[in-house]
Amino acid sequence: MEISYNWLRELTDVSLPPRELAERLTMAGLAVDAVREAGEDFVLEFDLTSNRPDCLSHLGIAREAAALAGVGVRLPELTAKNVAGRAEEFTSVEIEDARLCPRYAARVVRGVKVAPSPEWLARRLQAIGQRPINNVADITNFVLHELGQPLHAFDLAKLTERRIVVRRARAGERIRTLDGAERELDTQMLVIADAARAVAVAGVMGGEETEISVATTDVLVESAYFDPQSVRRTSKALGLQTDASYRFERGVDYEGVRRAQDRSVALICEIAGGAATVDAIDVYPRRIEPPVVHLRPSRVEELTGLQVPAGESARILESLGFTPVAAGDDAEGKLFFSAPTWRTDVSIEEDLVEEVARLVGYEKIGESLPPSPVTGEYLAGDRRRRAARQVLTACGLSEAVNISFIDESNEGRFELLPGLQRVEGEGAFVKLSNPVVEGARLMRPTLLPGLLDSVRHNFNRGTRSVRLFETGRVFASSAEGDETASGEVETASDDIGKTAAGEGGGRPNEVEAFALVLTGEALEEGRAGGRELDFFDLKGALEAATDAMRVGELQFAPAAVRHLREGQSARILFGGAEVGALGRLDEDLAAAYKFRQPVYVAEVNLGALLAAGERPVRYAPLPRFPSVVRDVSLLAPRRAAFSEMRRAILSLGLEECRGVSLVDVYEGANVPEGKRSLTLRVEYRADDRTLRDEEVDSMHARVVAALEDKFGAQLRG
Amino acid sequence: MSSEVAGYRAQADSIREAFERKFERFARFLNKRINGENVVDVTEFNLSLEEAQAELRALSDLETWYVGRKSQLSALKKLIGKVSPEERSGFGQYLLLTQIAGTDKIAEVESNLQSYIWKKRSERERVDVTLPGRRPRRGHLHPITQLRQRIEDIFVSMGYAVEDGPEVETDFYNFTALNIPELHPARSPQDTFYTTGGLSLRSQTSTVQVHAMQRRRPPLRVIAPGRVFRRDTPDATHNPMFFQVEGLLVERGVQMGHLKGTLSEFVRRLFGAGTRTRFRPSYFPFTEPSMEADYSCFKCNGAGCRLCKGSGWIELGGSGMVHPNVLRAARINPDEFSGFAFGLGIDRMCGLMYELDDIRLLFENDVRFLEQF
């Protein structure tokens with residue numbers, strides 16, 4: 001909103017220069033974004049908070065400035081020069097819906113001459129970015145910006161039967177508004193009508209047919225108070241926001257209705273000539289009473305730390321227009337104030353405390369830290385989350401953050417984390433009813449589509465090696481028919497996943513997930529042409545992360561997974577329970593994304609891993625005797641799993657057999673179809689002596705025999 | 001001198017002469033005496049590494065021939081004991097001198113050849129130390145995570161507990177409990193995302209305020225970082241999802257001075273000890289009195305620059321004393337406890353700190369972008 005400094009000075013004696021005034025107002029809560037020089041004037045650009053509609057005018061700002069400077073406010077001339085007749089002789093007003101229109105005043109000026117505005121008036125309007133039209137229209141606009149009350153001028157002669165009916169629009173009723181648009185109204189909208197039809201959308205915009213024109217001689221000036229919510233609804237439904245609707249929907253001063261009308265009528269008489277009626281028809285069936293609010297003077301210090309004597313608080317409030325109200329016998333030291341009729345934002349004691357504090361100045365509030373009766377703590381599991389992130393970045397993965405809603409077409413393409421989906425069919429997932437990006441309606445039940453979009457984004461920009469991880473919540477409906485958004489139930493659980501399990505007032509199941517994606521080459525800084533990443537880079541990164549979180553050992557079971565390619569996919573098990581899946585992206589999905597190189601993805605239930613607790617650190621004394629290693633090279637069927645071989649060796653019951661590791665695996669030339677060559681290294685060690693060669697030989701022979709027996713492996717030379 | 005000894009000496013002399021002849025090929029590896037100083041310039045040797053190593057081996061063979069256990073000179077030494085006592089010392093002395101005359105030269109050549117060989121070998125094994133180090137390309141934490149962790153660290157050290165709440169919320173937590181009236185524009189489907197089941201995506205982390213107050217009773221201090229959602233069409237300065245951190249403190253006797261002190265301490269820890277703050281009255285439904293906090297621009301230190309749009313100040317976020325209706329929603333008596341709350345935009349701060357020209361970059365996950373942090 002723009003305010004002219006010169007105009008402001010007509011309403012108050014504030015003598016602060018414009019920039020200083022702007023600074024003072026800003027620090028009192030009326031933010032001035034900029035001060036602009038405009039000829040001999042200055043324009044202050046305000047960015048006001050929504051609770052202060054009373055400041056949407058020069059009078060409103062003048063009140064604040066005057067209170068800050070300790071000076072008074074001067075109201076403009078309100079008396080019409082030339083009066084004749086009573087309003088009821090020329091028109092009538094009937095309010096059919098007093099809830100939507102608590103007050104309506106009509107006053108008539110007869111014999112006006114519509115013409116361009118005088119220069120001073122045009123200049124005032126131009127200074128604040130308004131375009132002059134004609135004297136009558138400009139005067140109503142001028143008064144809106146001067147006093148904050150929107151007005152409307154009708155050509156009285158064009159009102160059927162010359163009367164006003166304030167009613168709801170009829171079904172299908174139409175009106176051509178001043179902007180030339182034909183608008184269809186609905187029955188919830190309030191209109192100003194004459195005997196026959198709607199002539200204005202109440203509080204929003206007038207109609208073209210009753211508009212002031214050069215032919216107009218008699219003017220009906222409307223000044224009213226409309227229900228703010230009704231105006232907001234109408235304005236929104238019509239997609240039509242005006243200076244008038246902006247003010248009405250925030251609330252105007254219901255006691256300022258007549259003042260603004262008188263002001264405009266006085267100006268019309270002065271500028272456009274004519275004679276005003278002596279009075280107005282003012283339909284105001286139920287007087288609106290401003291709230292009376294109490295203030296315990298000690299509350300100011302309790303809430304702000306400012307020591308303000310009771311008398312000073314009262315003086316500040318009175319300077320802002322609050323009226324002291326006599327306290328009853330049970331007042332207990334409370335002061336009572338009736339709020340100014342323009343201050344629709346004030347209703348409780350804390351509001352008065354803020355008024356006192358902002359006028360004293362927030363900068364006067366002394367800073368200190370609150371004494372600390374409590375200790376800090378991180379979110380449960382956060383140390384472990386951070387450790388995992390650290391390790392993953394060390395492994396070359398960068399952290400991605402994707403938007404939480406994804407395209408609906410992703411539904412059904414991915415296998416979800418076990419246990420996430422609780423409901424089948426329609427309603428299984430959380431969907432937005434009002435997405436802002438076309439198609440992005442699904443609250444993601446998996447992190448993978450987002451990560452794959454990120455991969456595609458990078459591919460499209462010429463980056464072919466992409467390694468990303470993401471943590472975030474995935475969503476699915478919690479339980480069938482559990483859509484009662486009652487709300488006030490609270491669960492005492494730290495686990496968001498659990499919170500949603502049926503006790504969160506219909507909230508969905510929110511599970512913390514963790515996902516990885518890898519594709520392209522293993523890169524080294526400053527070097528190009530690295531090895532192609534494969535399944536084992538993915539698995540290794542995942543294991544490194546879970547190890548950093550001190551999660552116990554994960555198992556990987558080969559399995560068919562919907563979004564993964566057969567033969568390169570596995571379910572991830574932890575403590576016997578399935579916690580996710582990993583592998584190479586399925587060909588169909590890869591084709592849908594137009595990926596022409598292998599992409600590896602993993603997703604696990606991070607909440608479940610963290611919930612399982614931390615693997616404890618247990619010190620084991622360092623071995624006192626050396627270990628002996630023996631390698632065994634085998635030709636084994638391809639389907640014989642390494643993990644099975646390892647388990648077979650370790651379960652032989654050889655106390656001194658300490659571990660099995662992989663030296664090499666080879667398939668291809670010189671290896672028969674269906675077989676592969678494996679070299680394993682077995683470590684032997686005793687706690688109480690150095691093993692003799694013969695001992696190791698005999699143990700190792702059993703190991704080799706077991707591998708041959710169980711897996712049909714042949715020893716290689 | 002007995003003829004016997006004289007004969008031995010003559011034998012020694014002829015061994016030495018033979019040595020001198022054999023040594024001739026090594027003579028060029030000896031030091032030169034220039035102006036009374038021993039000088040050697042190994043670069044003049046002009047041998048390959050392998051040739052030098054062969055020379056060294058030949059030298060070693062010569063040493064063995066001359067003074068080895070089976071050498072003629074050693075055989076002569078064995079005769080020392082057989083010489084008459086009066087001649088023994090002189091003869092011994094003579095043999096020793098003969099031996100030293102050779103071994104000194106051998107030692108000198110050996111040392112010179114050895115250093116030549118080291119030089120050659122070093123040359124051959126020289127590396128280009130400017131080649132890239134063998135450094136696996138590391139990944140990078142998302143800038144939002146980095147900033148969030150810093151913020152968490154600061155507040156945890158100030159006694160706050162990190163809290164979290166659901167992202168899909170009920171009306172009660174998203175609006176009603178926060179004193180946002182029934183017909184407030186923030187509730188409209190223009191501004192807030194709704195699910196088909198009638199829930200909303202939380203439009204501010206303030207939702208966690210009431211959860212936290214229900215979960216922990218006062219005195220309490222919590223911060224709640226997380227995702228929030230508003231129906232903004234994505235553009236250079238908007239995303240329909242962003243990150244906030246909410247702060248809430250409810251204790252006895254808390255007032256605005258504590259809020260100011262807390263936010264000032266926070267920005268000093270985040271942006272440096274010299275950072276100043278400014279507090280302006282403002283309006284939020286869930287606080288009363290409310291205030292907007294600004295901090296002095298970290299780029300121009302308050303002088304005014306493009307980043308702070310010339311004002312010298314950057315908006316930190318909204319804050320205020322918890323509205324009594326919000327305390328009541330969590331069944332806390334506003335006459336017994338007071339509290340303050342604040343909300344900071346992590347993305348916005350991130351955008352300013354790194355001067356991002358397009359905030360959408362934050363969620364595109366372009367590797368070239370992520371690797372800069």
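The rules we used
Residues numbered from 1 in each chain as written. Chains lettered and ligands numbered in written order. Predicted model: local features only at pLDDT ≥ 70, side-chain atom pairs only at ≥ 80, totals over all residues. Heavy atoms only, no water. Helix = DSSP H or I, 4+ residues; strand = E, 2+ residues; numbered from the N terminus. Buried < 20%, exposed > 50% of the residue type's maximum accessible area, 1.4 Å probe, protein only. Polar contact = N/O pair within 3.5 Å; in protein donor to acceptor, adjacent residues only side chain to side chain. Contact = heavy atoms within 4.5 Å. Pairing = 2+ DSSP bridges. Domains from an automatic or database assignment. Buried area = accessible area lost by both parts, 1.4 Å probe. Nonpolar A, V, L, I, M, F, W, Y, C, P; charged D, E, K, R; others polar. Salt bridge = Lys/Arg side-chain N within 4 Å of Asp/Glu carboxyl O.

**Quick notes on the side chain of Ser454 of chain A**
Then comes step 1: Structurally, Ser454 of chain A is set in helix 13 (residues 448–460).
Then comes step 2: Take Ser454 of chain A: its relative accessible area is 2%, and that puts it in the buried class.
Then comes step 3: A distance of 2.9 Å separates polar atoms of two side chains, one belonging to Ser454 of chain A and the other to Asn365 of chain B.
Then comes step 4: If we skip the residues at most four places from it in the chain, Ser454 of chain A touches Asn402 and Leu468 of chain A together with Glu364 and Asn365 of chain B.

**Topic: the pairing of strand 10 (residues 190–193) of chain A**
Residue and element names in this part refer to chain A.
Then comes step 1: Residues Leu190 and Ile192 point to one face of strand 10 and Val191 and Ala193 to the other, with burial holding for every one of them.
Then comes step 2: As judged from the three bridges shared by strand 10 and strand 11 (residues 198–201), these two strands associate in the antiparallel manner. From the neighbouring strand, Val191 faces strand 11, where its bridge partner is Val201.
Then comes step 3: With antiparallel pairing between neighbouring strands as the criterion, strand 10 and strand 11 make up a hairpin whose turn holds four residues.

**Observations regarding the domain arrangement of chain A**
All names here are of chain A.
Then comes step 1: As assigned here, chain A comprises domain 1 (2–69), domain 2 (87–283), domain 3 (292–362), domain 4 (382–611) and domain 5 (628–715).
Then comes step 2: Here the C-alpha centre of domain 3 lies 24 Å away from the C-alpha centre of domain 1.
Then comes step 3: Listed by partner, the interface residues are ten residues for domain 1 and eight residues for domain 3.
Then comes step 4: Interface area for domain 1 against domain 3, summed over the two sides, is near 850 Å², with a carbon-plus-sulfur share of 50%.
Then comes step 5: The largest contributions to the domain 1 side of the interface with domain 3 come from Asp54, Arg63 and Ala67, which together make up 43% of the buried area.
Then comes step 6: At the surface where domain 1 touches domain 3, the tally comes to two residue pairs in polar contact (both at pLDDT 80 or more).
Then comes step 7: With four residues, helix 3 (residues 58–69) is the largest single contributor of residues to the side of domain 1 that touches domain 3.
Then comes step 8: Of the residues belonging to the side of domain 1 that touches domain 3, the class tally is five nonpolar, one polar and four charged.

**Side note on the interface of chain A and chain B**
Then comes step 1: Contacts between chain A and chain B engage 103 residues on the former and 99 residues on the latter.
Then comes step 2: The contact between chain A and chain B buries some 8,400 Å² in all, and 55% of this surface belongs to carbon and sulfur atoms.
Then comes step 3: If you sort the residues of chain A by the area they bury against chain B, Tyr362, Val401 and Glu525 of chain A come out on top, with a joint share of 8%.
Then comes step 4: Between Arg386 of chain A and Glu152 of chain B there is a salt bridge; the shortest N-O distance is 3.3 Å.
Then comes step 5: Between the two partners, chain A and chain B, sit 46 residue pairs in polar contact (both at pLDDT 80 or more).
Then comes step 6: With eight residues, strand 22 (residues 466–476) of chain A is the single largest residue contributor to the side of chain A that touches chain B.
Then comes step 7: Looking at the side of chain A that touches chain B, its residues break down into 36 nonpolar, 33 polar and 34 charged.

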